[in-house]
Amino acid sequence: MKRKNFFVLGTLAAFAIMLSSCGGGAPTASLKNDVDSISYAYGVNLADQGGLMQYLEQSGIIQSASGIEYDYQMRIAAADSTQKDALQKEMKAKIDSLNKVNAPKLNDFIKGLQESLKGGKEKSAYIQGLSVGHQISQQMLPQFSTMLFGQDSTKKINNNQMLAGLVAALKNQDTAISKMDANGLIQRKAEEAQAQAQAKQEEELKVQYKDSIAAGEKFLADNAQREGVVTLPSGLQYEILRKGNGLIPTDANTVKVHYHGTLINGTVFDSSVDRKEPATFGVTQVIKGWTEALKLMPVGSKWKLYVPYDLAYGAQDRGTIKPFSTLIFDVELLGIEN
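Residues numbered from 1 in each chain as written. Predicted model: local features only at pLDDT ≥ 70, side-chain atom pairs only at ≥ 80, totals over all residues. Heavy atoms only, no water.

Undergrad: Got a minute to help me understand the nonpolar core in this structure?
TA: Here is a general trend for soluble globular proteins: nonpolar side chains tend to be buried in one another's company. The biggest cluster of nonpolar side chains holds 32 residues, and the ones touching the most others in it are Leu52, Leu56 and Leu170. Every element with two or more residues in this core is listed here: helix H2 (34-48), helix H3 (52-58), helix H5 (81-116), helix H7 (141-149), helix H8 (159-170) and helix H9 (179-208). (Core = buried A, V, L, I, M, F, W, Y, C linked by side-chain atoms within 4.5 Å. Buried < 20%, exposed > 50% of the residue type's maximum accessible area, 1.4 Å probe, protein only. Helix = DSSP H or I, 4+ residues; strand = E, 2+ residues; numbered from the N terminus.)

The following block contains the structure:
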């Protein structure tokens, strides 16, 4: 729900700002680059998923076409090929008729958003545009732009393309990017931006925890020289304390284990042994180092694992386990549960 509100406010702010520069007319789609596409998709997404359409319907500014679309889509799905064409044309005619009914108030709303930046007068549906534009014109768009582009001042939302997508969707016109694709593009770009922000934060944390990283790397380098320690290509190290002769788990299995975990300085952070209660979990539901080791261990085995931070909790701060900590585990594989 919070994400939806964020998109609503962010795009409405942009909507109000860009209307003041384009004279209230809706530009046409011209998707020349990635920024144009994400801008247009953002506009479509606002109208379709972001809540603006619902807001306008609840305010009595427009009548919804969703009921017509749903009814006809159900009928079209059950029709034969001849009937489908007729039903498609019938649905289009009804939506076109509804669009004509909606147009006057919708245009007033758009004008109100534009006029809100100039202290315009209040009347009919126009007041809704004034109110919304005044409320959010300077608030949320910078947050969305920062989330999407970070501190890259060379990139910004293309106001014209956002408006083109938003108005096309509000007026039930054909869109250059489908509603489904627009929603997917917005989510994908948001996830990419989040991943980039996390990567940047991790690099900054590495500077802060450089001594811990160096200590872990030295420990693993020295440990690799000991007899009986095996180092895998991933960097995971293990030492066989007791050989087992049972089955070896796969990704699909749930296993039962006893374990005892410490930092390289000997500090205990977790231990099923101390609790005297074995743990049960899926092979893929644990840190990468554990998953890799479990898929090599026959049931009945007891291994000591030496896990580099990138196969453990990485940059996460988990209390006793600080970011970039190398971990040590005694792991006894008691059985496979399924």
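Undergrad: Sorry if this is basic, but what is going on with the pairing of strand E6 (residues 302-307) here?
TA: Two faces, one strand: in a regular strand the side chains alternate between the faces of the sheet. Of the strand pairs in this sheet, strand E2 (residues 237-242) and E6 are connected by 5 bridges, and their pairing is antiparallel. Opposite Glu239, over in E6, you have Lys304 as the bridge partner. Direction of pairing for E6 relative to strand E7 (residues 327-336): antiparallel, over a ladder of 6 bridges. Of the residues in E7, the one forming a bridge with Lys302 is Glu332. (Pairing = 2+ DSSP bridges.)

Undergrad: Where do I start with H2 in this structure?
TA: Each α-helix winds once per 3.6 residues, and so residues spaced three or four apart point in a common direction. Between its first and last C-alpha, H2 extends 21 Å over 15 residues, near the 21 Å set by a 1.5 Å rise per residue. With 12 of 15 residues buried, H2 is to be regarded as a mostly interior element. For H2, the full list of buried residues reads Val35, Asp36, Ile38, Ser39, Tyr40, Ala41, Tyr42, Gly43, Val44, Asn45, Leu46 and Ala47. Regarding H2, its N-cap is Asn33, as a side-chain oxygen of that residue lies 3.1 Å from the backbone nitrogen of Val35 further along. (Expected span 1.5 Å × (residues − 1). Polar contact = N/O pair within 3.5 Å; in protein donor to acceptor, adjacent residues only side chain to side chain.)

Undergrad: Whenever I open this one, the pattern of salt bridges confuses me. Can you help?
TA: Note that side chains of opposite charge can pair when their charged atoms are close. With the rule as written, the count across this model stands at 11 salt bridges. Taking the shortest distance from any N to any O, the salt bridge between Arg75 and Asp71 comes out at 3.6 Å. Of this pair, Arg75 and Asp71 both sit in helix H4 (residues 66-78), 4 residues apart, roughly one helical turn. Relative accessible area serves as the criterion here: at 36%, Arg75 is assigned to the partly exposed category. Asp71 sits in the partly exposed class, given a relative accessible area of 37%. A salt bridge links Lys304 to Asp330, with the nearest nitrogen and oxygen atoms 2.6 Å apart. Here Lys304, found in strand E6, pairs with Asp330, found in strand E7; they are 26 residues apart in sequence, far enough to count as distant. (Salt bridge = Lys/Arg side-chain N within 4 Å of Asp/Glu carboxyl O.)

In short, geometric facts, not functional conclusions.
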